[in-house]
Amino acid sequence: MSENRFLQITSLQNELVKETVKLQLRKHRKESPLILLEGEKSVFEALEAGISLKYVFCDDNELLNKISKHTNAALYLANKKVMEKISTTKSPVNIAAAAYEPVYDIEEVIKKDRLLLLDNVKDAGNLGTIIRSACAFKADGVLLYGDCADEFSSKVIRASAGNIFKIPVVRLKSDIRVMQKIKDSHKIISTVAPYGQWGKNAQECDIITYPERHVIMLGSEASGLCNELLTISDTYVTLKTEKNVESLNLAVFAGIILYIINSKIS
């Protein structure tokens, strides 16, 4: 197939290149309906999940031909310098796309059975990895409470291995009223450290029974869950570890407890 099939972009001053670079920053993404996808995994997982692409940059003509079979987006053959400019990684990707950010109805998401709430999780790598585990272990939705990392940053999308497009992720900000509403239909379960005020009466997470309709809540490694969330909880659970280990990485702990819950409910 001739490379002439696709419009070539070689200038870093191209307006579309400039607009794409802006998508690296959260403040610009919030002014746009678009998010930046980097790498084949992210692009093809988005397409498989029905996410619409607006345009695609790629330095591989054969890969552009392949993706043209799956989207009506504008396709551009870019050179290495353009791909380096667009990429947020040290090693530039060979394909990047501007996709329309998925939008979910909070009221519909909170009706789902198995929910995961993350409070003040600011590390993008942890957030993406937890979303990936949530998909792997059959969570139905992810709720972001407080000041969490941007769920559609390139780092979160990459860390989720594209799984962020398979599960609804919605922001509650710090609206405790939504959680009070969920409490009417779901059991609220807080994960806590095995010491301190809340850990005294906590049960080990692999011992208790989990109802089908629940919210499992995890806080940041630094400060845990906020008091307003802990106060409305029905149950507190913890994970027993060796005493000489202060704590687990949050994403590791999330994977463990999500696996335990899925194995007990399935």
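Before reading further, recall that the structure is shown in the block above.
Bear in mind that the values here come from a model prediction, so they are computed numbers and not experimental data.

Peer 1: Explain the layout of surface pockets residue by residue, including any values.
Peer 2: A volume near 680 Å³ is recorded for the largest pocket. Surrounding the largest pocket, 28 residues form its lining, Val-192, Ala-193, Tyr-195, Gly-224 and Ser-247 being those nearest its centre. Those elements giving two or more residues to the lining of the largest pocket turn out to be helix H10 (196-199), strand E11 (214-219) and helix H12 (250-265). Element by element, the count of residues in the lining of the largest pocket is highest for H10, at four residues. Taken together, the residues of the lining of the largest pocket break down into 14 nonpolar, twelve polar and two charged.

Peer 1: Describe the environment of Asn-244, with residues and values.
Peer 2: In this fold, Asn-244 is placed in the loop between strand E12 (235-238) and H12. Placed 83 residues apart in sequence, Asn-244 and Ala-161 show a C-alpha to C-alpha distance of 33 Å.

Peer 1: Which residues make up unusual backbone geometry, and what values do they have?
Peer 2: The backbone phi angle of Asn-120 is positive, close to 60 degrees, even though this residue is not glycine. Position of Asn-120 among the secondary structure elements: in the loop between strand E6 (114-119) and helix H7 (124-136). Of the residues examined, Asn-120 reaches a relative accessible area of 26% and is grouped as partly exposed.

Peer 1: Describe the pattern of salt bridges, listing the residues and the values that go with them.
Peer 2: On inspection of all chains with the given rule, the structure shows 16 salt bridges. Note that Lys-111 and Glu-108 form a salt bridge whose closest N and O atoms lie 3.3 Å from each other. Judged by relative accessible area, Lys-111 falls into the exposed class, the value being 52%. Close ionic contact of Lys-122 with Asp-147 constitutes a salt bridge, the shortest N to O distance being 3.8 Å.

Rules and cut-offs
- Residues numbered from 1 in each chain as written.
- Predicted model: local features only at pLDDT ≥ 70, side-chain atom pairs only at ≥ 80, totals over all residues.
- Heavy atoms only, no water.
- 1 Å grid on protein atoms, 1.4 Å probe; cavity = no way out; pocket = protein on both sides within 12 Å on 5 of 7 lines; lining within 4 Å.
- Points joined across faces, edges and corners; volume = space filled by probe spheres on them.
- Helix = DSSP H or I, 4+ residues; strand = E, 2+ residues; numbered from the N terminus.
- Nonpolar A, V, L, I, M, F, W, Y, C, P; charged D, E, K, R; others polar.
- Buried < 20%, exposed > 50% of the residue type's maximum accessible area, 1.4 Å probe, protein only.
- Salt bridge = Lys/Arg side-chain N within 4 Å of Asp/Glu carboxyl O.

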